[in-house]
Amino acid sequence: MKILFFFNKNLVDLKHKEYYFLLTIFQLLIILISIIFSYYFYQQFQYMFEKGTYNILPGKLPFGYGDLLKNMFDNNIYANKEVFLSFNKDGSSNIHEINFVLKKLPFFSLLLYLILNISKNIYFVVILKNLIFFNLFFITSYITIKSLRLKLSHHLIIILFFLLVPFNIKTFSEISYGDSVSSIMLGCLYLILISKLKNKYFYTGIILSVLYLTKESMFIICVMIPFLIVFLNFNRDRIKTLIPLIFVIFSALSWGFFGLYKTGEFPFGSSISTWKSYDLSKSIDEDFKLYYPKNSTDNLDKNIITEKLSNEWEFYHYFQEKNYKQIISKPKIVYENFLLKIKFILFNLSPDGISYEKTINAKSMFILTSLLNKLFFYLGIILSLIFLIKKNFKFKHETMYFLGLVTLNLATHLIGWMTSKHFVGIALVSFIFVVLIGSNFFLNEKKKYKKVAL
């Protein structure tokens, strides 16, 4: 009974020693999870390590981070070098080396660089990264639920979902791609948006800045959510609602002027990364369906170009024009690929994006994760639609923020393509929505029913 009473405590009534006890347990779980992940990461990708050690070779990290980090460590420059071929009429080929300053956004890149500067040991890197972002999520969940005057059980349920869903925790722990940060920050963003914290707009601005500078797929969220905040809250909070927009503008200007100084052009929108037009060309390629979703679309990489390109902006505009011609001339292929991406989002449960032979067979855990993620995504959508059609729309802000984050994220990935790691952030937001807002809704309905019965 004492345990039940403890879990049913309102977070406002939680004593300091009880909070620090929970926080200590959480630290131990972070370290344990990080050690397990690091061990299996080492077993799977031994080519990424110095022989006979657990030290990461930065240049071996995938998804463009390796080459960038190698250049940062060896040459003290922020750039990726990519090699392409073009063919002459006589059949001879030319090799083109293009430096990309704007291929990778800076937040996750610099974070890895700073951590690897301290130590390249895989256990240290993963533990430190996880301690930073897992604790950020824990604290964000705690202060939000406390501000909403909800129970400790709400907080613990969210933390348990965060920690115990197999593929999700793997994604959160990754050091190979920025989704490990953006998926956690999406959850933090939704929590802060629905909170009643005094400085919620300031915290929202910080999170949006991190998202803007971490993943290109977060661009539309970072641009549109500040306007949604103003639309929903300006009558009540006035000038404070502009704070998130100011943060996003500052982030856009910082990256933009860096790009202008280094390359002569200002990156923004679809050109926030000059690599994105090349990525988009894969999603509308006629061979896309031969790989997606089971195999990695990296297998679609074609390093052959038909023109001599000397810099990253020529590269970006070359593929931008090529994509436009493909959409106009072959709309059926674009449409079929679009339907394939929708099918993946709605129904896929099996492992996807396979690009290497796995040392560890975790298919059953992957399917379990997919089932849970899809379940809470569907529940979130159903609940949000129920709230929208109700006459007394009590959860307007919470529902609009949920739908905004989910639809904007999905829209971006429907233009490109979605993999299971991209879905993790959506699943986390959906779970928070169902647990916090859904439980409140059913509690209120239960109270109404009792009043009517009396």
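Basis of the calculations
- Residues numbered from 1 in each chain as written.
- Predicted model: local features only at pLDDT ≥ 70, side-chain atom pairs only at ≥ 80, totals over all residues.
- Heavy atoms only, no water.
- Helix = DSSP H or I, 4+ residues; strand = E, 2+ residues; numbered from the N terminus.
- Contact = heavy atoms within 4.5 Å.
- Lys, Arg positive; Asp, Glu negative; His and termini not counted.
- Charge placed at Lys NZ, Arg CZ, Asp CG, Glu CD.
- Expected span 1.5 Å × (residues − 1).
- Buried < 20%, exposed > 50% of the residue type's maximum accessible area, 1.4 Å probe, protein only.
- Axes fitted to C-alpha atoms, helices over the stretch in contact; angles between N-to-C directions.
- Parallel < 35°, antiparallel > 145°, perpendicular 65-115°, else oblique.
- Left-handed = near helix turned anticlockwise from the far one by under 90°.
- Nonpolar A, V, L, I, M, F, W, Y, C, P; charged D, E, K, R; others polar.
- Core = buried A, V, L, I, M, F, W, Y, C linked by side-chain atoms within 4.5 Å.
- Bend = angle between axes of the 7 residues up to and from the residue.
- Patch = residues over 30% accessible without salt bridge, like charges linked within 9 Å, V, L, I, M, F, W, Y side chains within 5 Å.
- Areas by Shrake-Rupley, 256 points an atom, 1.4 Å probe, with all protein chains shown as cover.
- Salt bridge = Lys/Arg side-chain N within 4 Å of Asp/Glu carboxyl O.

Section: the overall build of the chain
The helix and strand inventory of the chain stands at 18 helices and two strands. Principal axes of the C-alpha set define a box for the chain whose edges measure 90 × 55 × 45 Å. Of the contacts formed within the chain by residues at least 6 apart in sequence, a portion of 71% connects residues at least 24 apart. In the chain, 50 side chains carry a positive charge and 28 a negative one; their mean positions are 15 Å apart.

Details of helix 14 (residues 312-329)
Under the 1.5 Å per step criterion, the end-to-end length of helix 14 is 26 Å for 18 residues, consistent within 8% with the ideal 26 Å. Of the positions making up helix 14, those classed as buried are Glu312, Trp313, Phe315, Tyr316, Tyr318, Phe319, Asn323 and Gln326. On its buried face, helix 14 sits against strand 1 (80-87), strand 2 (93-100), helix 11 (243-263), helix 12 (276-283) and helix 15 (331-347).

A closer look at the environment of phenylalanine 63
Note on placement: phenylalanine 63 falls in the loop between helix 2 (16-44) and helix 3 (65-74). Separated by 354 residues in the primary sequence, phenylalanine 63 and tryptophan 417 have C-alpha atoms spaced 15 Å apart.

Let's talk about the packing of helix 5 (residues 122-147) against helix 8 (residues 179-194)
As a packed pair, helix 5 and helix 8 sit with axes 9 Å apart at the nearest point and diverge in direction by 15°. Here helix 5 is positioned roughly parallel relative to helix 8, judged by the angle of their axes. Helix-helix and strand crossings are classified by hand; for helix 5 and helix 8 the assignment is left-handed. Residues Lys129, Phe133, Phe134, Leu136, Phe137, Thr140, Ser141, Ile143 and Thr144 of helix 5 lie in contact with helix 8, whose contacting residues are Ser180, Val181, Ile184, Met185, Gly187, Cys188, Leu191, Ile192 and Ile194. Taken together, the residues that form the contact of helix 5 with helix 8 break down as twelve nonpolar, five polar and one charged.

Some points on the nonpolar core
Core analysis: the largest hydrophobic core is formed by 122 residues, its most contacted members being Phe134, Phe137, Ile175, Tyr190, Leu405 and Leu436. Ranked by residue count, the leading element in this core is helix 18 (residues 420-453), at 14 residues. In contact with tyrosine 190, not counting residues within four places along its chain, are Glu398, Tyr401, Phe402, Leu405, Val429, Ile432, Phe433 and Ile437. Among the nonpolar cores identified, the runner-up in size contains ten residues, and Trp275, Leu309, Phe315 and Phe319 belong to it.

Examining helix 10 (residues 219-237)
Taking 1.5 Å as the rise per residue, helix 10 with 19 residues should run 27 Å; its terminal C-alpha atoms sit 25 Å apart, in good agreement. Phenylalanine 231 marks the point of greatest bend in helix 10, at about 45°. Looking only at helix 10, the buried set comprises Phe219, Ile221, Cys222, Ile225, Pro226, Leu228, Ile229, Val230, Leu232, Asn233 and Asp237.

A closer look at a nonpolar patch on the surface
On the surface, a nonpolar cluster with roughly 760 Å² of combined accessible area is contributed by Phe21, Ile25, Leu28, Leu29, Leu32, Ile36, Tyr39 and Tyr40. Along the chain, isoleucine 36 falls in helix 2.

Describing the pattern of salt bridges
Oppositely charged side chains can pair when the atoms bearing their charge come close. Per the counting criterion, the structure on display carries eleven salt bridges. We note a salt bridge from lysine 103 to glutamate 82, for which the minimum N-O separation is 2.6 Å. Separated by 21 residues along the polypeptide, lysine 103 in the loop between strand 2 and helix 4 (106-118) and glutamate 82 in strand 1 bring together distant segments of the chain. Given a relative accessible area of 7%, lysine 103 falls into the buried group. Looking at glutamate 82, the relative accessible area reads 17%, which means it is buried.

Describing the environment of serine 251
Secondary-structure assignment places serine 251 in helix 11. Accessibility expressed as a relative area gives 3% for serine 251, which makes it buried. Placed 46 residues apart in sequence, serine 251 and glycine 205 show a C-alpha to C-alpha distance of 9.9 Å. When neighbours within four sequence positions are excluded, serine 251 is seen to be in contact with Ser209, Tyr212 and Leu213.

Here's the deal with unusual backbone geometry
Note that the residue after tyrosine 292, namely proline 293, is joined by a cis bond; omega there is 5°. Note on placement: proline 293 falls in the loop between helix 13 (288-291) and helix 14. The backbone phi angle of arginine 238 is positive, close to 55°, even though this residue is not glycine. With respect to the secondary-structure elements, arginine 238 resides in the loop between helix 10 and helix 11.

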